[in-house]
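# Chain and residue survey
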Amino acid sequence: MIYVFRLLDRPDGAALRQRLRPEHKAYLARVADRIAFAGPLTHDDGVAMMGSLLAIDFDSRDAAMAWLADEPFTRAGLYAGTEVHAFVNLWPQ
């Protein structure tokens, strides 16, 4: 099942995001074969990052939540808010 993660940064998180971004990307690379899509949420300027939107295939919600708990941005306290939802892709490519 694909789980969508909507993860919003805390207001003062820009420097922390930039510092941890290489570690975050390496963590994502470990599940690259299961990622439907992933990228930063940005402000309307399309540059300033304010969170993450990820869609990743996991065997269960428990597995998805365990993955999120160990994610570098999560461990560092970057996110002010998180949402995780099961997702069914009805628009296959």
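The text that follows walks through the structure, step by step, so that each part is easy to find. Treat the numbers as computed from the prediction; the structure is a model and nothing was measured.

Quick look at the packing of aromatic side chains now. A full pass over the atoms with the stated rule returns five aromatic pairs. Between Phe 5 and Phe 58, the aromatic rings sit 6.1 Å apart at their centres with planes inclined by 75°, giving edge-to-face as the arrangement. Of the two residues, Phe 5 sits in strand β1 (residues 2–9) while Phe 58 sits in the loop between β3 (49–57) and α2 (61–69), which places them 53 residues apart along the sequence. Like Phe 5, the residue Phe 58 is buried in the burial classification. Both rings, one in Phe 5 and one in Trp 67, keep their centres 5.5 Å apart while their planes meet at 55°; by these two values the pair is tilted. Of this pair, Phe 5 sits in strand β1 while Trp 67 sits in helix α2, and the two are 62 residues apart along the sequence. Each member of the pair, Phe 5 together with Trp 67, is buried. Among the aromatic residues, those joined into a ring-pair cluster are Phe 5, Tyr 27, Phe 58 and Trp 67.

Remark: a regular strand shows side chains that alternate across the two faces of the sheet. Note: strand β2 (residues 35–42) against β3, seven bridges, orientation antiparallel. Paired with Gly 39 across the bridge in β3 is Leu 53. Count of turn residues in the β2/β3 antiparallel hairpin: six residues, of which Gly 46 carries a positive phi of about 75°.

Before going further, it helps to spend a moment on the pattern of salt bridges. Applying the stated rule across the entire model yields five salt bridges. Put simply, Arg 10 and Asp 12 hold a salt bridge, and the shortest N to O gap is 2.7 Å. Exposure remark for Arg 10: the relative accessible area of 30% places this residue in the partly exposed category. Under the relative-accessibility criterion, Asp 12 is labelled exposed at 56%. Asp 70 is the salt-bridge partner of Arg 75, the closest N and O atoms lying 3.9 Å from each other. Here Arg 75 falls in the partly exposed class, since its relative accessible area comes to 48%. Three or more residues are tied together by salt bridges with common partners; here these are Glu 23, Asp 70 and Arg 75.

So, how was this worked out
Residues numbered from 1 in each chain as written. Predicted model: local features only at pLDDT ≥ 70, side-chain atom pairs only at ≥ 80, totals over all residues. Heavy atoms only, no water. Phe/Tyr/Trp six-rings, centres within 6.5 Å; stacked < 30°, edge-to-face > 60°. Helix = DSSP H or I, 4+ residues; strand = E, 2+ residues; numbered from the N terminus. Buried < 20%, exposed > 50% of the residue type's maximum accessible area, 1.4 Å probe, protein only. Pairing = 2+ DSSP bridges. Salt bridge = Lys/Arg side-chain N within 4 Å of Asp/Glu carboxyl O.

Scope: geometric values only; no functional claims are made or implied.
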